[in-house]
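Residue-level structure breakdown
Read off the chains here:
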Amino acid sequence: MIPGVFFDGRSSHAIRVDVWREGDSLKWRETDREYVVPLLLVEPSARVIGVPFVLRLPDGAHIQLDHDLLPADWFAGSHRLERVVDWLERRWPAALIGIFVVVATLGVLFQFGLPWAADRLAMNMPHAIEVSMGRQSLAVLEGRALLPTTLPLDRRQHLQAVFQHFADSLSGMPPVQLRFYASPMLGANAFALPDGSVVFTDALVRALPDDQAFIAVTAHELGHQAHHHMLRLVLRSSGVVIVGSMLMGDVASIGGLASGIPIFLLDSHYSRTFEEDADSFAFSALESQGIDPAAFVRAIQALERIRPDVGKGDQLRYLSSHPLTAERIARANAASHAFELTHASH
Amino acid sequence: MHDETMASGVFFPEVDVAPVRAAETSHRFDFRGNAKDYFRIWIVNVALSVVTLGIYSAWASVRTRRYMYANTVLADSPFEYLAKPLPILRGRLLTGLLFALYVIGGHFSKPLQAGAGLVLAAFMPWMIVKGLMFRARYTGWRGLRFYFVSDFGGAYQWFFVAYILMGIPFMLMIFLTASGHPLVGLLGIFAGVGGVYPWIKGNQQVWMVEHHHFGGKSFRFASKMDVYYRVYWKAIAVGLTWLVPTFILVGLVSKFMLAAQGHQPFNPKAPPIGFILAIYAVMAPMYLGVWTYAHVRMTNLLYNQAHLGQYSFRSSLKYWSMLNLYLGNALGIICSIGLAIPWARIRLARYRAEHLEIIGDGELNDFVRDAFAHGEVGAAGTEMDSLLGIDIGL
């Protein structure tokens, strides 16, 4: 017989009872009265360490038993899943494995799972969405960060022609267009927007030594366009925000501040991958047009001269959204070397 | 926040209005959980939730909450968490879907996102009612459940219209500042924060307590608004006091960081990440200090002014003890990269239970089942308010 506490479900009286099982019946006794109910009609609660067992009776009453006193064979078929979970929860090795599983799963999820899902989604989104994203970004930047260009008209027309010729020569490109802006805020810079815009600031155009260096930067930005990096990055970081918030809400409830840091780190990580991808695209695009990837090195070095922060080598790898400059130059030089070898053999 | 501890819950507010008799009995809440057991339960359930991409998380929540509730004991009887996992999973999926649409939508059209935000704000009171109903409905003690009356009108009055009222002094300030009277405008802000906000918070508390029922009795609340004014005026004073050391710290940190920055020109539009982190780190204690003050005082008021039948409650949370507890928890969680979360929750639940008691002439045997309908309540409201971190002060 097991000691328990009976509650009738209609009042808060606690009644001490003794409970036992007889065949297919559950029986309990309160001082001199005995009660019986078929075992099948009793609904037991799932087992959790330190939580009393609750046996719910058909009429809304229930009996509470101390959590480890219920014999395992009384309700052998109930809560099969939670029985396993309870078994795990009682073991320290399981807890240690649990820590490892959490770390490993989150690693795989953010390194492979989430990028994969976001990229699948991006592939199936209509181009109109990218166009509206790009328009929105331009609308936000124009008049604030981006001011009307001050480059002479003939210079712009020349670069437009170079750009168009290079873009047309590459296969599989979405529609792209070149835009110039003056931007004291952004300095010497170039970036791609999801609607196909490739933006050069006046300062960058002035800093680039020759047309081939211009083409090298263009090739990098076209790499972003060809692989839809902007849309994919937006979807990936949205995914991180969503998954992160749900995790935080459920696991930790720490709130926004703490979750902001890992989200920032992951975003940088994803965008760095895309920058490397765009560089590789640029090298092969340059080679296909018979241009030595050394032009890329000249572009970066020109950028470094007017923006010393670009070449700063002491940044932490995971904090940086672009690959470190030294690495990029090394890769460009390797590509240039390969280019020279193939062309020398002709 | 989704508080998993019963003792922190709303459920036992009361007031010292009952006539004081010599032989009053007091039943202290007792928390019997321990961090070792809870850690294993927590980590195993988190691991299973992550591996199943969140599907299992509903079952995980139920198990961890059952542990916290059942270990909160009143008069030798544990509380019970009675929610079923499937409705929670449904609520969670719906919440996740809406949140995903909101986040992704913002990248394509800001007006759309702003519109969605407004719609969400309009639904907030509804979510609060649903959340309170859910918590009450699935909290039990001695086989009886709590009950929250679904008063949507009152919710909109105190959680929506009242805040619009609160916006008036802010609009006035913007207007006055624009028309060249910034000081008068600032005064308007103080009038708004010091004059309207305590009144809103007090009425929210009254509304919340008086719509709870347990055991055939409804909670009653005896309150004068002036106590809330005192709480928030003192909270402002606490905030101003905290400002002094915080300013000194911010000054020191900026100076130090600028020195470390060396020859690099400091760009105020894009400060280095380390600088931002350092500023956050010194600001956090101030935020915690003020928040804890308001939270402790409001929680004490909530319980100390409420009563249920002939029973009243006494909550005696102390500011410095709670601040100490929160700071320790925050440090522990940060230093252990989250592994100390179970320990932090247990510590908090224990402290809160130890400082809550129910007083009255009786053995708590005289509660009976409510006559109200006991239908099921959907979990979407409570899931959304836990995602959005709505602090309804329970």
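Residues numbered from 1 in each chain as written. Chains lettered and ligands numbered in written order. Predicted model: local features only at pLDDT ≥ 70, side-chain atom pairs only at ≥ 80, totals over all residues. Heavy atoms only, no water.

We now examine unusual backbone geometry. Positive phi, normally seen in glycine, also occurs at His79(A), with a value near 50°. With respect to the helices and strands, the residue His79(A) is situated in the loop between β7 (62–65) and α1 (80–89). In this structure, Ile337(B) is a non-glycine residue whose phi angle is positive, near 45°. Mapped onto the secondary structure, Ile337(B) falls in the loop between α9 (319–335) and α10 (341–354). (Helix = DSSP H or I, 4+ residues; strand = E, 2+ residues; numbered from the N terminus.)

All names here are of chain A. Strand order in the open sheet formed by four strands is β8-β9-β11-β10, with mixed pairing between adjacent strands. Of all strands in the sheet, those with a lone pairing partner are β8 (147–148) and β10 (190–192), marking the two edges. Judged from the five bridges that link them, strand β9 (residues 177–182) and strand β11 (residues 197–201) form a sheet pairing that is parallel. Its bridge partner being in β11, Arg179 is matched across the sheet by Val199. On the sheet, helix α4 (residues 153–169) packs against β9 and β11 and is oriented at approximately 145° with respect to β9. Along the sheet, helix α6 (residues 211–226) contacts β9, β10 and β11; its crossing angle with β11, the most-contacted strand, is approximately 145°. (Pairing = 2+ DSSP bridges. Contact = heavy atoms within 4.5 Å. Axes fitted to C-alpha atoms, helices over the stretch in contact; angles between N-to-C directions.)

Moving on to the sheet that holds strand β6 (residues 212–214) of chain B. All names here are of chain B. Taken together, the 10 strands give a closed barrel; going around it, the order is β1-β2-β3-β4-β5-β6-β7-β8-β9-β10, and neighbouring strands pair in antiparallel fashion. Going from strand to strand, the sheet's axes swing by 30° on average, the running direction of each strand aside. The pairing of strand β9 (residues 311–315) with strand β10 (residues 356–360) spans four bridges and is antiparallel. Bridge pairing links Arg314 to Glu357 in β10. Relative to strand β5 (residues 144–148), helix α4 (residues 110–137) is tilted by about 170°, and along the sheet it contacts β3 (77–81), β4 (139–141), β5 and β6.

Before going further, it helps to examine α6(A). Between its first and last C-alpha atoms α6(A) spans 21 Å; for 16 residues at 1.5 Å apiece the expected length is 22 Å, and the two agree. One or two residues past the end of α6(A) sits His228(A), with phi positive at roughly 50°. (Expected span 1.5 Å × (residues − 1).)

In this section: the pattern of salt bridges. Oppositely charged side chains can form a pair if their charged atoms are brought close together. All names here are of chain A. All chains considered together, the criterion is met by 17 salt bridges over all chains. Notably, a salt bridge pairs Arg272 with Glu276, separated by 3.8 Å at the nearest N-O pair. Here Glu276 and Arg272 lie together in helix α8 (residues 256–288), a separation of four residues that amounts to about one turn. The class for Arg272 is buried, based on a relative accessible area of 10%. (Salt bridge = Lys/Arg side-chain N within 4 Å of Asp/Glu carboxyl O. Buried < 20%, exposed > 50% of the residue type's maximum accessible area, 1.4 Å probe, protein only.)

Further remarks concern the interface of chain B and chain A. Reports often express the size of an interface as the amount of accessible area lost when the parts come together. Each partner contributes to the interface: chain B provides 60 residues, whereas chain A provides 62 residues. Together chain B and chain A conceal approximately 5,100 Å² of surface at their shared face, both sides included; 68% is due to carbon and sulfur atoms. The largest per-residue losses of area from chain B upon contact with chain A belong to Arg40(B), Arg63(B) and Phe108(B), which jointly make up 15% of the total buried on that side. One salt bridge connects Arg63(B) with Glu89(A), and the closest N-O pair in it is separated by 2.9 Å. Our enumeration of links across chain B and chain A arrives at 11 residue pairs in polar contact (both at pLDDT 80 or more). Counting residues per element, the ones that place at least two in the side of chain B that touches chain A are α1 (35–51), α2 (57–70), β3, α3 (85–108), α8 (273–304) and α10 of chain B. Looking at which element gives the most residues to the side of chain B that touches chain A, the answer is α1(B), with 14 residues. Of the residues assigned to the side of chain B that touches chain A, the class counts are 35 nonpolar, 12 polar and 13 charged. (Buried area = accessible area lost by both parts, 1.4 Å probe. Polar contact = N/O pair within 3.5 Å; in protein donor to acceptor, adjacent residues only side chain to side chain. Nonpolar A, V, L, I, M, F, W, Y, C, P; charged D, E, K, R; others polar.)

None of the figures reported here should be taken as evidence of function without further support.
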